[in-house]
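One-letter residues, chain by chain:
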Amino acid sequence: MQTSYPRQDIKVLLLEGVSASAVEVFHRAGYSQVELHAKSLPEDELKARIGEAHIIGIRSRTQLTAEVLAQAKRLIAVGCFCIGTNQVNLGAARLAGVPVFNAPYSNTRSVAELVIAEAIMLLRGIPQKNAQCHRGGWAKSANGSYETRDKVLGIVGYGHIGTQVGVLAESLGMRVIFHDIETKLALGNARAVSSLDELLERSDVVTLHVPETPATQLMIRAEQLAKMHAGAMLINASRGSVVDIEALATALREGKLAGAAVDVFPLEPKGNDDAFVSPLVGMDNVILTPHIGGSTLEAQDNIGIEVASKLVRYSDNGSTLSAVNFPEVTLPEHPHSRRLLHIHRNVPGTLSRINELFSAGNLNIDAQFLQTDSEVGYVVIDVSADEAQANALKAQMAAIPGTLRSRVLY
Ligand SMILES: NC(=O)c1ccc[n+]([C@@H]2O[C@H](COP(=O)([O-])OP(=O)(O)OC[C@H]3O[C@@H](n4cnc5c(N)ncnc54)[C@H](O)[C@@H]3O)[C@@H](O)[C@H]2O)c1
Ligand SMILES: O=C(O)[C@H](O)COP(=O)(O)O
């Protein structure tokens, strides 16, 4: 379908080393202006560059705050080429009429595999033994080394990643317990516990798989670490904001915890050339990884395809299916119609105002789909009209009070 705004004029800006598979998807769909950056951009540059972009693709590092989004005058959509979307002010994007898409499952398995590997390494005391050998030491001993079999793995956040971790852990013979704010179907022999405290008290290894939300902010502090039993271990591959890192360093230094594996940090370097600073640096019993839980070639390749395809579908036909901040609308194409999009504040009467414009122009609506959430309404309308009529309608719709965006797609 020929789009009203030519695809070759749409500027796609991809940051943070988004996979080349995404570029391929855009190119194949006719989007030739795709710019790929290996790093996130400093805020000033980001504000300048987002002003030119129609589509922006980021990973977990780039902060799309309300101030940054306010510069994004041409932006039609955001792609988070990862699971987490906490780095985007989703409300501000919604009120700017900009849907945000992500890849909710494509790196799940990669994170789960890393966590299982870390649980095995921590239970065997490998981080310390590895560090000693590197220094020319030799500490052959079974002290502090355990099998995973029969150990209790406590999973906080039993969602996509948490459940995968649980399934893999059970295949090793671990006993799995979990805590979640939602009622969840327990897979295999996993058991829900009644509270976070109970989970902390009972687990040999605690692994965190919650999103960043106000409720998960510093969810694990000194008080929670004190509830874990002596010699237990903590794995955090969720978000750096979930754990009080100073309290964790203290618990490790004092021997309360036997080890930890940490992939995410309150402050992460912007790119690979920047220095990494953390109170955990230099601790032999800690596995430190640079936020690579989801960084496998398989995951990045799949994420590139998944998110780029969602962005192309939205840009080409207006489908917001699986957007994380927007009413979900998808309509089959009606080949002989023109398609108009209207995004508005959800105030009563907007749809009837739109429909009045169509009846006043004596134009037949071939299909129409409206979805609303508490703040925003999104309607896709297929109409039998010529190009001039469609453009006139778009201008009239744009004048309706509360309009956030209106477009003629084709
Ligand atoms: N290290 C990495 O590279 C990496 C990769 C992927 C995802 N992540 C992080 O992992 C998080 C989890 O991913 P997922 O795909 O499993 O998400 P998910 O949404 O499928 O699961 C999250 C679970 O946490 C639960 N939860 C939310 N708030 C909670 C609370 N206060 N207490 C207990 N449970 C709570 C939810 O109900 C849900 O079941 C992501 O949000 C992302 O931040 C990190
Ligand atoms: O949210 C995610 O998927 C992870 O934190 C991975 O983020 P990344 O793409 O920046 O590695």
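Residues numbered from 1 in each chain as written. Chains lettered and ligands numbered in written order. Predicted model: local features only at pLDDT ≥ 70, side-chain atom pairs only at ≥ 80, totals over all residues. Heavy atoms only, no water.

Going by an unreviewed UniProt entry, the chain carries the name D-3-phosphoglycerate dehydrogenase and comes from Rhodanobacter lindaniclasticus. The annotation that UniProt attaches to the chain under Function (unreviewed entry) is "Catalyzes the reversible oxidation of 3-phospho-D-glycerate to 3-phosphonooxypyruvate, the first step of the phosphorylated L-serine biosynthesis pathway. Also catalyzes the reversible oxidation of 2-hydroxyglutarate to 2-oxoglutarate." The Sequence similarities (unreviewed entry) field of the UniProt record for the chain holds the comment "Belongs to the D-isomer specific 2-hydroxyacid dehydrogenase family." (UniProt positions renumbered as here; feature names shortened; annotations may be inferred.)

Draft legend 1. Fine view of the packing of helix α1 (residues 20–28) against helix α11 (residues 297–317). Two numbers describe how α1 lies on α11: the axes approach to 7 Å, and their chain directions differ by 30°. If you check the angle between α1 and α11, you find them roughly parallel. Once α1 is placed against α11, the crossing between them reads as right-handed. Contacts from S21, A22, V25 and F26 of α1 reach α11 at Q300, D301, G304, I305, A308, S309, L311 and V312. (Axes fitted to C-alpha atoms, helices over the stretch in contact; angles between N-to-C directions. Helix = DSSP H or I, 4+ residues; strand = E, 2+ residues; numbered from the N terminus. Parallel < 35°, antiparallel > 145°, perpendicular 65-115°, else oblique. Left-handed = near helix turned anticlockwise from the far one by under 90°. Contact = heavy atoms within 4.5 Å.)

Draft legend 2. Representation of α1. Along α1, the residues that are buried comprise S21, A22, V23, V25 and F26. Taken together, the buried residues of α1 touch β1 (12–14), β2 (34–36), β3 (55–58) and α11. Phi turns positive, to about 95°, at G30, one or two residues after α1. (Buried < 20%, exposed > 50% of the residue type's maximum accessible area, 1.4 Å probe, protein only.)

Draft legend 3. Fine view of the site of ligand 1. Residues in contact with ligand 1 amount to 27 residues; listed here are only the nearest, H160, I161, D180, K184 and D263. Within the side chain of K184, one N or O atom sits 3.0 Å away from an oxygen atom of ligand 1. Looking at side-chain class alone, the shell around ligand 1 contains 11 nonpolar, 11 polar and five charged residues. (Near = heavy atom within 4 Å. Polar contact = N/O pair within 3.5 Å; in protein donor to acceptor, adjacent residues only side chain to side chain. Nonpolar A, V, L, I, M, F, W, Y, C, P; charged D, E, K, R; others polar.)

Draft legend 4. Just the pattern of salt bridges, in detail. Considering all chains together, one arrives at 17 salt bridges under this definition. Notably, a salt bridge pairs R94 with D373, separated by 3.9 Å at the nearest N-O pair. Here R94 is found in helix α4 (residues 90–95), whereas its partner D373 is found in the loop between β14 (364–372) and β15 (376–384), with 279 residues between them in sequence. For the salt bridge of R202 with E198, the shortest nitrogen-to-oxygen distance reads 2.8 Å. On the criterion of helical spacing, the pair formed by R202 and E198 is a turn pair, its members being four residues apart in helix α8 (residues 196–202). By relative accessible area, R202 is classed as partly exposed at 43%. By relative accessible area, which is 22% here, E198 ends up partly exposed. (Salt bridge = Lys/Arg side-chain N within 4 Å of Asp/Glu carboxyl O.)

Draft legend 5. Quick look at the nonpolar core. Membership of the largest hydrophobic core comes to 34 residues, with the highest contact counts inside it found for V12, L14, F26, F81, L311 and Y378. For this core, the secondary structure elements donating two or more residues are β1, α1, α11, β13 (338–345) and β15. It is α11 that contributes the most residues to this core, six residues altogether. For this core, the domains that each give at least three residues are domain 1 (1–102 + 297–326) and domain 3 (327–409). Listed in part, the 31 residues of the second largest apolar core include L196, V206, A247 and A260. (Core = buried A, V, L, I, M, F, W, Y, C linked by side-chain atoms within 4.5 Å. Domains from an automatic or database assignment.)

Draft legend 6. Region of interest: the packing of aromatic side chains. Considering all chains together, one arrives at six aromatic pairs under this definition. Centre to centre, the rings of F101 and Y314 are 6.0 Å apart; their planes meet at 45°, and the pair counts as tilted. Highlighted residues: F101 in strand β5 (residues 100–101) and Y314 in helix α11, separated in sequence by 213 residues. With respect to burial, F101 and Y314 carry one shared label: buried. Plain terms: the ring middles of F326 and Y378 are 5.7 Å apart, the flat faces sit at 65° to each other, and that makes the pair edge-to-face. Of the two residues, F326 is situated in the loop between α11 and β13 and Y378 in strand β15; the sequence distance between them amounts to 52 residues. Take Y378: its relative accessible area is 0%, and that puts it in the buried class. Cluster of aromatic residues (ring-pair linked, three or more members): F101, Y314, F326 and Y378. It is R407 that lies over the ring of Y314; its NZ or CZ is 5.8 Å from the centre. (Phe/Tyr/Trp six-rings, centres within 6.5 Å; stacked < 30°, edge-to-face > 60°. Lys NZ or Arg CZ within 6 Å of the ring centre and 35° of its normal.)

Draft legend 7. Quick look at the packing of helix α12 (residues 350–360) against helix α13 (residues 387–398). Interhelical geometry of α12 versus α13 gives an angle of 150° and a closest axis separation of 10 Å. Between α12 and α13, the interaxial angle falls into the category roughly antiparallel. Where α12 crosses over α13, the handedness of that crossing is right-handed. On α13, the residues that touch I354, L357 and F358 of α12 are L393, Q396 and M397. Class assignment of the residues belonging to the contact of α12 with α13 gives a composition of five nonpolar, one polar and no charged.

Draft legend 8. Here's a closer look at the sheet that holds strand β10 (residues 232–236). An order of β8-β7-β6-β9-β10-β11-β12 is seen for the seven strands of this open sheet, with the pairing classed as parallel. Only two strands of the sheet have a single neighbouring strand rather than two, namely β8 (191–192) and β12 (286–288). Sitting on the sheet, helix α5 (residues 108–124) is in contact with β9 (205–208), β10, β11 (257–262) and β12, with an inclination near 155° to β10. (Pairing = 2+ DSSP bridges.)

Draft legend 9. The arrangement of the side chain of T163 in detail. Its place among the elements puts T163 in helix α7 (residues 160–171). For T163, the side chain forms a polar contact with the main-chain oxygen of G159, separated by 2.6 Å. With sequence-adjacent residues up to four places away left out, T163 is seen in contact with Y158 and L187.

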